[in-house]
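What follows is each chain in one-letter form.
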Amino acid sequence: FLPINEPNIDPSYVLDVGDQLTIQLIGAQSDIFEINIKRNGTINVPEVGDINIAGLSLEDATNLLKKSISEALIGSQAYISLTEIRDVSVLVVGNINNPGMYTLSGASSPLALIYAAGGIDENGSYRNILHKRNNQLVQKIDLYDLLIKGNNSFASRLRSGDSLIISPKNSEIRITGGISNPGIYEIGENGNIKDIIDYLGISKNLLSEVLTINRYTNGAFSSIQITLDELSSFAFMDGDAVAFYSINPKFEGVKSVTLSGSVNVPGVYKISDNMR
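What the chain contains, in helices and strands, is four helices and 17 strands. A compact globule built from 276 residues should have a C-alpha radius of gyration of about 19 Å, whereas the chain, at 28 Å, is more than 25% larger. Along the three orthogonal principal directions, the C-alpha set of the chain runs to about 85 × 50 × 30 Å. Within the chain, buried positions represent 37% of all 276 residues. The long-range share in the chain, meaning contacts at least 24 apart out of those at least 6 apart in sequence, stands at 53%. Working note: accessible area of the chain is about 15,500 Å², and carbon and sulfur atoms make up 47% of it.

Below you can see the structure in the form of structure tokens.
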């Protein structure tokens with residue numbers, strides 16, 4: 001998760017103080033310059049002057065530099081590359097194993113900071129991570145997108161002075177039974193699981209329309225039965241256990257057939273009228 005200080009990054013990388021660019025001129029004037037971005041956010045290109053590029057993406061800065069150089073040095077063409085990446089100092093606090101200030105590569109994502117700080121502790125949330133800059137919220141991070149869907153894109157990389165706050169975890173429920181991804185899931189503040197249903201791997205044609213929720217309250221266990229259609233709006237409580245059952249022909253009013261032999265998924269299937 002920790003990137004090294006190499007320039008092979010995408011064009012969306014945001015330039016800042018300490019980054020180094022190499023500018024190669026070809027044409028009427030041939031030369032090569034290695035220039036660092038100064039504290040005022042500019043670089044000084046000989047015979048062109050100061051150009052402010054801090055805060056621009058690498059792609060936008062490249063276009064601006066090429067335009068400025070071609071206008072100032074007629075007949076010369078510029079090629080720009082990022083040759084050194086700055087370091088950033090960032091803070092991580094909250095439910096993290098080793099909170100504190102960390103120095104990372106300027107290409108680092110919030111995930112790299114979490115990894116460097118030893119990971120989220122047992123009381124921390126994987127779904128409510130706040131990334132702040134100048135006391136303003138830059139993005140709210142839900143790691144379920146990464147851990148389940150493999151989506152590792154973030155709205156913003158880290159910049160010096162940024163803070164990452166790992167919030168306490170939300171309520172958790174245990175989900176078991178005939179689904180592809182059983183496990184313990186952290187649910188949202190509203191108490192429903194509408195936002196994680198897609199993660200479970202539910203095949204409705206293989207499941208009963210009825211599922212059971214086991215709940216422990218006031219020193220006693222109770223069972224609640226709901227339908228699949230009610231699942232997304234049901235108000236879950238911390239510690240609930242949800243059991244998905246495969247289709248059972250004993251449920252009243254359900255037409256079913258038993259499929260056996262050389263098929264991938266033998267078993268009892270519910271059927272609708274006129275199904276072939």
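Another point: the sheet that holds strand β5 (residues 76–84). Strand order across the open sheet formed by three strands is β2-β1-β5, with antiparallel pairing between neighbours. Here the strands that pair on one side only, and so sit at the sheet edges, are β2 (31–36) and β5. On average, each strand axis in the sheet is inclined to that of its neighbour by 20°, with strand direction left out of account. Sheet topology places strand β1 (residues 20–27) next to β5; eight bridges connect them, and they run antiparallel. Bridging from a neighbouring strand, Ile26 pairs with Gln77 of β5. Its contacts with the sheet place helix α1 (residues 58–72) against β1 and β5, and it is angled at close to 145° to β5.

Attention shifts here to the sheet that holds strand β12 (residues 183–186). The strand order β12-β11-β15-β13-β14 describes an open sheet built from five strands, whose pairing is mixed. At either end of the open sheet lies a strand with only one pairing partner, and these are β12 and β14 (220–227). Averaged over all neighbouring strand pairs, the angle between strand axes comes to 25°, with direction disregarded.

A separate point is the pairing of β14. In terms of strand pairing, strand β13 (residues 210–217) meets β14 through eight bridges, oriented antiparallel. Looking at β14, one finds that Ile213 is bridged to Ile224. Connecting β13 to the antiparallel partner β14 that follows it, the hairpin turn spans two residues, and Asn218 within it adopts a positive phi of roughly 55°.

In this section: the packing of aromatic side chains. Overall, the coordinates contain four aromatic pairs when judged by the stated rule. Centre to centre, the rings of Tyr144 and Tyr185 are 6.2 Å apart; their planes meet at 80°, and the pair counts as edge-to-face. With a gap of 41 residues between them, Tyr144 in helix α3 (residues 144–149) and Tyr185 in strand β12 connect regions that are remote in the sequence. With relative accessibility at 6%, the residue Tyr185 sits in the buried group. When the centroid spacing of 4.7 Å and the interplanar angle of 55° are considered together, the rings of Tyr216 and Phe221 count as tilted. Phe221 shares its class with Tyr216; the two are exposed. Through a chain of ring-to-ring contacts, the aromatic side chains of Tyr144, Tyr185 and Tyr199 assemble into a single cluster.

So, about the nonpolar core. By size, the foremost hydrophobic cluster in this structure holds 22 residues, and its most contacted members are Leu15, Leu21, Ile23, Ile43, Val45, Ile53 and Leu65. Counting only elements with at least two residues in this core, the list comes to β1, β2, β3 (42–45), α1 and β5. Looking at this core, the element that brings in the most residues is α1, giving four residues. Sequence-distant contacts of Ile23, that is, excluding residues within four places in its chain, are made with Asp31, Ile32, Phe33, Ile35, Ile43, Val45, Leu65, Ile69, Ala78, Tyr79 and Ile80. Residues Ile179, Tyr185, Leu207 and Leu231 belong to the second largest nonpolar core, which totals 20 residues.

Take a nonpolar patch on the surface next. Nonpolar side chains collect at one region of the surface, where Tyr126, Leu147 and Ile148 lie side by side and expose about 270 Å² of accessible area between them. Among the structural elements, Leu147 can be located in helix α3. Assessed through its relative accessible area of 55%, Leu147 is described here as exposed.

Glancing now at α1. Between the first and last C-alpha of α1 there are 21 Å, a value that for 15 residues agrees with the 21 Å anticipated at 1.5 Å per step. Among all positions of α1, only Leu58, Ala61, Thr62, Leu65, Ser68 and Ile69 are buried. Projection of α1 onto a plane perpendicular to its axis shows the buried side chains occupying an angular sector of 140°, all on one side. The secondary structure elements touched by the buried residues of α1 are β1, β3, β4 (49–52) and β5.

We now examine the environment of Asn36. Within the secondary structure layout, Asn36 lies in strand β2. Its relative accessible area of 36% is what places Asn36 among the partly exposed residues. As for Asn36 and Thr83, which are separated by 47 residues in sequence, their C-alpha atoms are 9.8 Å apart. A distance of 3.2 Å separates the side chain of Asn36 from the side chain of Gln20, its partner in a polar contact.

On to the pattern of salt bridges, then. Enumeration according to the criterion identifies nine salt bridges in this entry. Taken together, the shared-partner salt bridges in this structure form one network comprising Arg127, Asp142 and Asp195.

What counts and what doesn't
Residues numbered from 1 in each chain as written. Predicted model: local features only at pLDDT ≥ 70, side-chain atom pairs only at ≥ 80, totals over all residues. Heavy atoms only, no water. Helix = DSSP H or I, 4+ residues; strand = E, 2+ residues; numbered from the N terminus. Rg over C-alpha atoms; globule rule 2.2 N^0.38 Å. Buried < 20%, exposed > 50% of the residue type's maximum accessible area, 1.4 Å probe, protein only. Contact = heavy atoms within 4.5 Å. Areas by Shrake-Rupley, 256 points an atom, 1.4 Å probe, with all protein chains shown as cover. Pairing = 2+ DSSP bridges. Axes fitted to C-alpha atoms, helices over the stretch in contact; angles between N-to-C directions. Phe/Tyr/Trp six-rings, centres within 6.5 Å; stacked < 30°, edge-to-face > 60°. Core = buried A, V, L, I, M, F, W, Y, C linked by side-chain atoms within 4.5 Å. Patch = residues over 30% accessible without salt bridge, like charges linked within 9 Å, V, L, I, M, F, W, Y side chains within 5 Å. Salt bridge = Lys/Arg side-chain N within 4 Å of Asp/Glu carboxyl O. Expected span 1.5 Å × (residues − 1). Arc of directions from axis to C-beta. Polar contact = N/O pair within 3.5 Å; in protein donor to acceptor, adjacent residues only side chain to side chain.

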